[in-house]
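Here is what each chain is made of, one letter per residue.
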Amino acid sequence: MGEGEFRKERMIIRAINFLIIIFALILGVIFYDVLDNYYNFSLTDELLALLLVVYWMLNPKSHFNREFFIFICIALFYLGYSLTYPNNVEQAIWTDFFVQIKPFLAFYAVYNMDFSLDESQKKNIRYICLIATILILPIGIQNPGGPNMGNLCIHSRYATMMEILGITYLFYSNRTRRDVIISIMIIAVGLLSLRSKMFGFFAVYAGVMLFWNPNKKYKIFTIKNIFFFGIVSALALYFAFEKIMFYFVEGSDKADMMARPFMYQMAWRILHDYPIFGTGLGTYGTYASSVYYSPIYLKYGMDSNYEIGHNLFISDAFYPEFVEFGLLGISLFFLFWRKRFYEAKHVFQQNNDTIVYKLILLVIIFFVIESVADSTFTQNRGLVMMMILAILLKDKGTKSSKPIIEYGKFYHSRTH
């Protein structure tokens, strides 16, 4: 391939990358609820996941690494296990299968191909983030904490929308002190949602970005770091304390326990009965287990609870979903995030890029906080954030697992 053809191919790839990111931000995040509420179209995130997988398959710069292959094997194992020993109807199993793999497909597709942009495209994304923030701000001011903020979205999605816009802006900026302040201001707009999780994440984000300087010897668990994150964690817990008490202490003391603490409480009992592989797909704490009401809720008498019996707030937290996968699934999930943690460290060691390092850690923290009282991970916002995580890891040349198939080499060998 000649130099001219190579440049043309690179321009085409970057143009497609740019359009996908714009699609993800505008339709996958900002107007997701508008499309759902007014046009009854809620498949934007599924469409985005499919688009990413097809693009990965056709992209001459993509490859298929060992970790992606292992993930596919694990996903197929749980699908086979759930179909062989079903605790719900097949429709529930297949529905939950696609919901659960969706964020991982988005991550691995982006993680295994070139997803870079040129400076002009990065600048345009920054403008989009800023313009969106300016347009969204009045909605928050007029409807602070409202359950449906200006008919744009519900309050929790208003918060995560601003978190995604702030992180995206900073990543595609020049990463100066001024850019850090702007990203904090964008995320601060999400405080108008009046969600405890938002106050907690904002405290962590601002604290990490403004006051934490990573150890130059690349040590994470130093006395200074432990002290700093102890203070930040205390602030996050302070802002979320009222909701923690309401959902997990006061709610648990009531005779008719609220769905969220009840789902957590029963999770331990069910895991004891299904310890290794769990109850299987479509059975507990998920959208599918709600639509196709899971027999597990009947087996354990959970339907006697008012909210669960009336099919309310069943999929309102992510962590209870671990019941479906057992101790094996829980271990594999934490191994996934453990690897991302060490890749963040690798970014810092290799490039000394503190902003990208902090952003990767903050994305991990974002999921930790969100998953307590929301199923963000398997929703549209989780998918887009997983895309962003993969882009963060790839931007500075983080080494992924050894490729099994390198589509780029195969492609270029045919063009010589």
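Residues numbered from 1 in each chain as written. Predicted model: local features only at pLDDT ≥ 70, side-chain atom pairs only at ≥ 80, totals over all residues. Heavy atoms only, no water.

### Focus: the layout of surface pockets
Here's step 1: In this structure, the largest pocket spans a volume of roughly 1100 Å³.
Here's step 2: Along its surface, the largest pocket is lined by 47 residues, and Arg157, Ser315, Asp374, Ser375 and Gln379 are the ones closest to its centre.
Here's step 3: Contributing elements (two or more residues each) for the lining of the largest pocket: α2 (32-39), α3 (44-58), α5 (90-111), α7 (155-171), α10 (223-253), α11 (259-273), α12 (287-291) and α17 (380-395).
Here's step 4: Its residues assigned to classes, the lining of the largest pocket comprises 15 nonpolar, 16 polar and 16 charged.
Here's step 5: Estimated volume of the second largest pocket: approximately 580 Å³.
Here's step 6: Considering the residues around the second largest pocket, the lining is formed by 27 residues, among which Phe71, Ile74, Phe104, Leu332 and Phe333 are closest to the centre. (1 Å grid on protein atoms, 1.4 Å probe; cavity = no way out; pocket = protein on both sides within 12 Å on 5 of 7 lines; lining within 4 Å. Points joined across faces, edges and corners; volume = space filled by probe spheres on them. Helix = DSSP H or I, 4+ residues; strand = E, 2+ residues; numbered from the N terminus. Nonpolar A, V, L, I, M, F, W, Y, C, P; charged D, E, K, R; others polar.)

### Let's talk about α5
Because an α-helix completes one turn every 3.6 residues, residues spaced three or four positions apart along the sequence face the same direction.
Here's step 1: Along its 22 residues, α5 runs 31 Å from first to last C-alpha, staying within 8% of the 32 Å computed at 1.5 Å per residue.
Here's step 2: For α5, the principal kink sits at lysine 102 and spans about 35 degrees; a proline, proline 103, occurs within the next four residues.
Here's step 3: Most of α5 is tucked away, with 16 of its 22 residues classed as buried. (Expected span 1.5 Å × (residues − 1). Bend = angle between axes of the 7 residues up to and from the residue. Buried < 20%, exposed > 50% of the residue type's maximum accessible area, 1.4 Å probe, protein only.)

### Considerations on the packing of aromatic side chains
Any aromatic ring pair is given by two values, namely how distant the centres are and how the planes are angled relative to each other.
Here's step 1: Applying the stated rule across the entire model yields 46 aromatic pairs.
Here's step 2: Each ring, one from tyrosine 78 and one from phenylalanine 325, has its centre 5.3 Å from the other, and the planes form 80 degrees; the classification is edge-to-face. Taken together, the residues tyrosine 78 in helix α4 (residues 66-84) and phenylalanine 325 in the loop between α14 (306-309) and α15 (326-351) connect sequence positions 247 residues apart.
Here's step 3: Given the relative accessible area of 14%, phenylalanine 325 is considered buried.
Here's step 4: Aromatic side chains phenylalanine 104 and phenylalanine 377 sit 5.4 Å apart centroid to centroid with 65 degrees between the ring planes, which places their arrangement in the edge-to-face category. In this pair, phenylalanine 104 is assigned in helix α5 and phenylalanine 377 in the loop between α16 (354-370) and α17, connecting sequence segments 273 residues apart. Each member of the pair, phenylalanine 104 together with phenylalanine 377, is buried.
Here's step 5: Taking the ring centre of tyrosine 111 as reference, the NZ or CZ of arginine 340 above it sits at 5.4 Å.
Here's step 6: The side chain of arginine 340 reaches across the aromatic face of phenylalanine 336, ending 4.6 Å from its centre. (Phe/Tyr/Trp six-rings, centres within 6.5 Å; stacked < 30°, edge-to-face > 60°. Lys NZ or Arg CZ within 6 Å of the ring centre and 35° of its normal.)

### What about the pattern of salt bridges?
Where charged atoms from two side chains of opposite charge come close, those side chains can pair.
Here's step 1: Applying the stated rule across the entire model yields 13 salt bridges.
Here's step 2: Among the ionic pairs, arginine 157 bridges to aspartate 33, the shortest N-O distance being 2.6 Å. On the criterion of sequence distance, the pair formed by arginine 157 in helix α7 and aspartate 33 in helix α2 is long-range, its members being 124 residues apart.
Here's step 3: Overall, aspartate 33 belongs to the buried group, its relative accessible area being 6%.
Here's step 4: Aspartate 374 is the partner of lysine 197 in a salt bridge, and the nearest nitrogen-oxygen pair spans 3.5 Å. You can see lysine 197 sitting in helix α9 (residues 196-211) and its partner aspartate 374 sitting in the loop between α16 and α17, a full 177 residues away along the chain. The pair formed by lysine 197 and aspartate 374 is uniform in burial state, with each residue classed as buried.
Here's step 5: When salt bridges that share partners are traced, they join Glu67, Lys339, Arg340 and Glu343 into one network. (Salt bridge = Lys/Arg side-chain N within 4 Å of Asp/Glu carboxyl O.)

### Looking at the environment of tyrosine 127
Here's step 1: On the secondary structure map, tyrosine 127 appears in helix α6 (residues 119-142).
Here's step 2: Its relative accessible area of 42% is what places tyrosine 127 among the partly exposed residues.
Here's step 3: Separated by 42 residues in sequence, tyrosine 127 and tyrosine 169 have C-alpha atoms that sit 8.4 Å apart.

### Looking at α11
Here's step 1: For α11, which comprises 15 residues, the first-to-last C-alpha distance of 21 Å matches the rise-based estimate of 21 Å (1.5 Å per residue) to within 8%.
Here's step 2: The largest bend along α11 reaches roughly 30 degrees and is located at alanine 267.
Here's step 3: Residues of α11 that are buried: Ala259, Arg260, Pro261, Phe262, Met263, Tyr264, Met266, Ala267, Ile270 and Leu271.

### Remarks on the packing of helix α8 (residues 177-189) against α9
Here's step 1: Contact geometry of α8 with α9 gives a least axis separation of 10 Å together with a crossing angle of 175 degrees. Taken together, the axis directions place α8 and α9 in an arrangement best described as roughly antiparallel. Contact residues: α8 offers Arg177, Val180, Ile181, Ser183, Ile184, Ile187 and Ala188, while α9 offers Met198, Phe201, Phe202, Tyr205, Ala206, Met209 and Leu210.
Here's step 2: Taken together, the residues that form the contact of α8 with α9 break down as 12 nonpolar, one polar and one charged. (Axes fitted to C-alpha atoms, helices over the stretch in contact; angles between N-to-C directions. Parallel < 35°, antiparallel > 145°, perpendicular 65-115°, else oblique. Contact = heavy atoms within 4.5 Å.)

### Topic: the side chain of asparagine 88
Here's step 1: Within the secondary structure layout, asparagine 88 lies in the loop between α4 and α5.
Here's step 2: Taking the relative accessible area as the measure of exposure, asparagine 88 reaches 10% and is therefore buried.
Here's step 3: Polar contacts involving the side chain of asparagine 88 include one to the main-chain carbonyl oxygen of glycine 282, which spans 2.7 Å.
Here's step 4: Within polar-contact distance, the side chain of asparagine 88 engages the backbone oxygen of tyrosine 292 at 2.8 Å. (Polar contact = N/O pair within 3.5 Å; in protein donor to acceptor, adjacent residues only side chain to side chain.)

### Thoughts on empty space enclosed by the protein
Rolled over the atoms, a probe with the dimensions of a water molecule shows which regions are left empty.
Here's step 1: The tally for this structure, following the rule as stated, stands at one cavity of 30 Å³ or more.
Here's step 2: Size it by volume and the largest cavity reaches roughly 90 Å³.
Here's step 3: Lining the largest cavity are Ile21, Ala24, Leu25, Thr168, Phe171, Tyr172, Val384, Met387, Ile388 and Ile391.
Here's step 4: Of all elements in the fold, only α1 (3-30), α7 and α17 reach the threshold of two or more residues within the lining of the largest cavity.
Here's step 5: Class assignment for the residues of the lining of the largest cavity results in nine nonpolar, one polar and no charged.

### Concerning the environment of valine 347
Here's step 1: Note that valine 347 resides in helix α15.
Here's step 2: On a C-alpha basis, the gap between valine 347 and tyrosine 357 in space is 6.3 Å, while along the polypeptide they are 10 residues apart.

In short, geometric facts, not functional conclusions.
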